[in-house]
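Chain by chain, the residues run as shown.
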Amino acid sequence: MNNDFTKGRRKFVKSAFTVASALAIAKVAPTWAVPQGRSFKDQILTNDEIDLTITKSPLLVGNKVGTPITINGQMPGPLIRLKEGQRAKLNVINRLLEDTSIHWHGIILPENMDGVPGVSFEGIKPGRTFKYRYDVEQNGTYWYHSHSGLQEQLGHLGPLVIEPKDGDIGADREHTIILSDWTFEDPDTVFRNLKVAEGYYNYQKRTIFETFKDVRQQGLDKTWKQREMWGQMRMSPRDIADVTGSTYTYLMNGRDSQMNWSALFKPGEKVRLRIINGSAMSFFDVRIPGLEMTVVAADGQPVKPVPVDEFRIGVAETYDVIVQPKQNKPYTIYAESFDRSGYVRGTLTPELGLEAEVPELRQAPERGMAAMGMGAMAMSGDMKGNSMNMKHMGGNNSHMTHKMTHKRELPVENIKIKHRESGHGAGAAMIATNPVSRLHEPGIGLEDVEHKVLLYTDLIGAHEWPDTREPERQIELHLTGNMERYMWSFDGKKFTEVDGPVQFHHGERLRLVMVNDTMMDHPIHLHGMWMELENGQYPRPRKHTISLKPNEKVSLLITADAPGSWAFHCHLLYHMKAGMFRVVNVA
């Protein structure tokens with residue numbers, strides 16, 4: 001550890017001493033997240049056999065002491081660095097008073113090593129050790145987290161980096177950044193609040209003064225119809241995120257904005273930033289004002305370079321970007337929650353102690369016709385009597401016209417979507433009667449920015465994947481929900497209500513079509529297998545997690561080459577808890 005870092009840490013400890021115990025301060029950040037980046041090898045676990053001890057420990061989170069779940073005394077847990085071609089040997093020791101688990105997110109491995117209690121193994125009892133063993137056959141940026149209850153919300157997560165066989169990271173230096181959201185509330189309390197009061201954490205709802213403004217601008221009749229429609233849906237156009245900055249402290253490598261996690265560079269260096277969204281419920285928009293970022297990997301898989309100024313990272317996704325700062329000055333790494341209720345920043349700097357200007361939070365976005373993809377949605381189930389078509393929604397759609405001119409025709413656009421006659425039942429408060437492809441859209445709140453934002457349609461695989469067969473059959477799944485009751489499901493049924501797994505035939509090539517019938521964004525994650533996103537590019541990008549916007553339909557190609565049972569779910573933790581979870585069986 002060099003002298004600069006020692007001085008910087010001493011200064012921080014001094015300032016923090018007034019608000020926390022010395023013990024907590026000593027453990028304030030994961031030891032791997034040092035400013036020097038990868039070169040500080042002593043802080044990275046590279047042993048042939050790695051022990052991970054799960055317990056609860058007091059830690060300083062922001063300006064308060066919390067009691068997160070820690071892994072080897074850290075939150076986030078240690079950076080695990082493996083190498084393509086080796087055999088992973090990971091011993092997980094449970095020192096909690098309850099069962100736990102670790103799922104290796106995005107890793108292709110045997111079913112019994114996937115770490116999902118009730119699906120792939122029984123879980124790890126208190127006082128017991130589970131030995132994960134699997135061959136590492138890929139490289140890239142991944143992460144790991146608990147799949148037991150709501151432990152992930154308590155900080156049970158960490159980064160996982162797999163070096164390629166040749167050791168070439170494609171840059172002079174690298175830093176790993178894991179974003180997360182922390183609350184001092186008990187996660188079970190958060191879930192209960194979501195169940196009993198729709199919009200419990202939404203402090204950005206429209207005010208009466210904004211309604212008066214709408215009346216002046218668009219007239220009473222149109223304003224009245226809009227309010228009536230949202231009222232019938234029991235939603236607000238500002239229902240963007242279920243859990244917000246009103247309770248969350250957003251963290252970058254375990255530090256909040258005031259703590260200002262910093263990463264060093266030398267002017268002219270190529271720096272690889274491995275960015276992981278390990279949040280329970282938060283999408284982030286990431287940018288480094290003054291620096292262009294070149295996206296080189298998505299979900300750990302290499303893609304052809306895409307220069308961007310900003311990208312949205314859904315929960316559980318990862319992106320690798322290369323930056324090359326040439327000036328001897330600091331830059332702010334800015335991750336803004338997509339509902340604009342908060343942010344976390346860090347600093348990319350040539351010298352510790354420097355800071356750059358921190359952007360202001362942008363205005364909270366609203367869901368309108370444009371944000372909904374201009375498609376039609378209809379109420380269903382218990383609200384069927386109040387059927388309403390979203391074509392009546394207002395909103396600024398001028399940008400949509402602009403985006404449509406650049407849109408490519410995608411395979412999913414020729415796929416006719418089917419709904420059940422029941423409209424998927426009471427578990428689906430609405431259905432998308434005319435869902436559209438929205439891969440070419442940047443997402444709500446980013447429609448009108450003047451700089452380049454990453455689109456899913458920009459992603460092109462770096463090389464062709466082994467299986468080039470056409471799909472033999474098609475499976476269609478609907479993402480459904482009832483916001484008022486906080487019910488989330490697939491095809492209108494919670495996990496506890498389904499009869500059996502989604503069946504894949506071993507060895508087959510299939511097309512998975514997903515339709516988002518809800519008004520929320522959902523990051524959907526498939527365990528054990530890759531999904532090739534049909535985004536009009538070739539080679540197609542591989543994804544382990546794909547985010548769907550409201551009223552969107554997407555198609556993905558899957559090679560069912562992994563025998564066994566695999567979890568398939570929304571990676572918003574409380575949506576999964578509420579029932580948006582299925583098991584895929586490959587046999």
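Small disclaimer: the values here were computed from a predicted structure and weren't measured.

Calculation notes
Residues numbered from 1 in each chain as written. Predicted model: local features only at pLDDT ≥ 70, side-chain atom pairs only at ≥ 80, totals over all residues. Heavy atoms only, no water. Helix = DSSP H or I, 4+ residues; strand = E, 2+ residues; numbered from the N terminus. Buried < 20%, exposed > 50% of the residue type's maximum accessible area, 1.4 Å probe, protein only. Contact = heavy atoms within 4.5 Å. Areas by Shrake-Rupley, 256 points an atom, 1.4 Å probe, with all protein chains shown as cover. pLDDT = per-residue confidence, 0-100. Arc of directions from axis to C-beta. Polar contact = N/O pair within 3.5 Å; in protein donor to acceptor, adjacent residues only side chain to side chain. Pairing = 2+ DSSP bridges. Axes fitted to C-alpha atoms, helices over the stretch in contact; angles between N-to-C directions. Phe/Tyr/Trp six-rings, centres within 6.5 Å; stacked < 30°, edge-to-face > 60°. Lys NZ or Arg CZ within 6 Å of the ring centre and 35° of its normal. Core = buried A, V, L, I, M, F, W, Y, C linked by side-chain atoms within 4.5 Å. Salt bridge = Lys/Arg side-chain N within 4 Å of Asp/Glu carboxyl O.

### Observations regarding the overall build of the protein chain
And then number 1: When helices and strands are tallied, the protein chain shows seven helices and 34 strands.
And then number 2: Classification of the 587 residues of the protein chain by burial places 63% in the buried group.
And then number 3: Put simply, of all contacts in the protein chain between residues at least 6 apart along the chain, 78% involve residues at least 24 apart.
And then number 4: Within the structure as shown, the protein chain displays about 22,600 Å² of accessible surface, and the carbon and sulfur contribution to it stands at 48%.

### Notes on unusual backbone geometry
Only a minority of non-glycine residues have a phi that is not negative, and only a minority of peptide bonds are not trans.
And then number 1: Of note, the bond from Met75 into Pro76 is cis; its omega dihedral lies within 30 degrees of zero at -5°.
And then number 2: Within the secondary structure layout, Pro76 lies in the loop between β4 (69-71) and β5 (80-83).
And then number 3: A positive phi is found at Asn72, a non-glycine position, where the angle reads about 55°.
And then number 4: Looking at the secondary structure, you find Asn72 in the loop between β4 and β5.
And then number 5: In this structure, Ala316 is a non-glycine residue whose phi angle is positive, near 85°.
And then number 6: As for its placement among the helices and strands, Ala316 is situated in the loop between β18 (310-313) and β19 (318-323).
And then number 7: Residue classification places Ala316 among the buried positions, given a relative accessible area of 0%.

### A closer look at the confidence of the model for the protein chain
And then number 1: Of the residues in the protein chain, 83% reach a pLDDT of 70 or more, and the chain-wide mean stands at 87.
And then number 2: For residues 380-405, every residue scores under 50 in pLDDT, and the model assigns this stretch 60 contacts once sequence neighbours within four places are set aside.

### Comments concerning helix α3 (residues 187-196)
Residue pairs spaced three or four apart in an α-helix point in one direction, given the helix's 3.6 residues per turn.
And then number 1: Burial in α3 covers these residues: Pro187, Val190, Phe191, Asn193 and Leu194. Along α3, the residues classed as buried sweep out an arc of 160° about the axis, all on the same side.
And then number 2: Elements in contact with the buried residues of α3: β11 (173-183) and α7 (573-578).
And then number 3: For α3, the N-terminal capping position is held by Asp186, with its side-chain oxygen 2.7 Å away from the main-chain nitrogen of Asp188.

### Concerning the sheet that holds strand β9 (residues 140-145)
And then number 1: Pairing is mixed in the open sheet, where four strands are placed in the order β5-β10-β9-β7. Each of the sheet's edge strands pairs with one partner strand only, and the pair in question is β5 and β7 (103-105). Averaged over all adjacent pairs, the angle separating strand axes in this sheet is 25°, with direction ignored.
And then number 2: Relative to strand β10 (residues 157-163), β9 runs antiparallel, the two being bridged by six bridges.

### Thoughts on the pairing of strand β20 (residues 331-337)
And then number 1: Buried residues dominate β20, accounting for seven of its seven residues.
And then number 2: Neither face of β20 is exposed, since Tyr331, Ile333, Ala335 and Ser337 on one face and Thr332, Tyr334 and Glu336 on the opposite face are all buried.
And then number 3: Pairing of strand β15 (residues 284-287) with β20, which is carried by four bridges, proceeds in the antiparallel orientation. Bridge assignment links Val286 to a residue of β20, and that residue is Ala335.
And then number 4: By the bridge criterion, six bridges tie β20 to strand β21 (residues 343-349) in an arrangement that is antiparallel. Considered in β21, the bridge of Tyr331 is made with Leu348.

### A few points about the packing of aromatic side chains
And then number 1: A complete count under the given rule lists 19 aromatic pairs for this structure.
And then number 2: Note on Trp182 and Phe184: the rings are 5.7 Å apart at their centroids and 85° apart in plane angle, and the pair reads as edge-to-face.
And then number 3: Pairwise contacts between aromatic rings join Trp104, Phe121, Phe130, Tyr132, Tyr134 and Tyr144 into one cluster.
And then number 4: In this structure, Arg542 is placed above the aromatic ring of Trp465, and the distance from its NZ or CZ to the ring centre is 4.0 Å.

### Structural notes on the nonpolar core
And then number 1: The biggest cluster of nonpolar side chains holds 133 residues, and the ones touching the most others in it are Trp104 and Tyr134.
And then number 2: Broken down by element, the residue count for this core peaks at five residues, all from strand β27 (residues 509-516).
And then number 3: Discounting chain neighbours no more than four positions away, the residues touching Trp104 are Leu52, Ile80, Leu90, Leu109, Met113, Asp114, Tyr132, Tyr134, Trp143, Tyr144 and Leu160.
And then number 4: One finds Leu59, Val61, Trp182 and Leu251 within the second-largest nonpolar core, a separate group that totals five residues.

### Observations concerning the sheet that holds strand β1 (residues 50-56)
And then number 1: Strands sit in the order β4-β1-β6-β8 across an open sheet of four strands; the sheet is mixed. Each of the sheet's edge strands pairs with one partner strand only, and the pair in question is β4 and β8 (129-135). Going across the sheet, the axis of each strand differs from the next one's by a mean of 20°, ignoring polarity.

### Details of the side chain of Asn253
And then number 1: Within the secondary structure, Asn253 sits in the loop between β12 (248-252) and β13 (262-264).
And then number 2: Here the side chain of Asn253 touches Thr176 through a polar contact of 3.0 Å, landing on its backbone oxygen.
And then number 3: Among the polar contacts listed, one links the side chain of Asn253 to the backbone nitrogen of Ile178, at a separation of 2.8 Å.

### Thoughts on the pattern of salt bridges
And then number 1: What the rule picks out here adds up to 28 salt bridges.
And then number 2: For Glu472, the salt bridge identified is with Arg469, shortest N-O distance 3.2 Å.
And then number 3: For Glu472, a relative accessible area of 51% translates into the label exposed.
And then number 4: Several salt bridges converge on common partners, so that one network encompasses Asp285, Arg287, Glu310, Arg312, Glu336, Arg340 and Arg362.

### Considering the side chain of Thr332
And then number 1: Within the fold, Thr332 resides in strand β20.
And then number 2: By relative accessible area, Thr332 is classed as buried at 2%.
And then number 3: Here Glu357 takes part through its backbone oxygen, which lies 2.9 Å from a polar atom of the side chain of Thr332.
And then number 4: Look past the residues within four positions of Thr332 in its chain and what remains in contact with it is Arg287, Ile288, Pro289, Arg345, Gly346, Ala356, Glu357, Val358 and Pro359.

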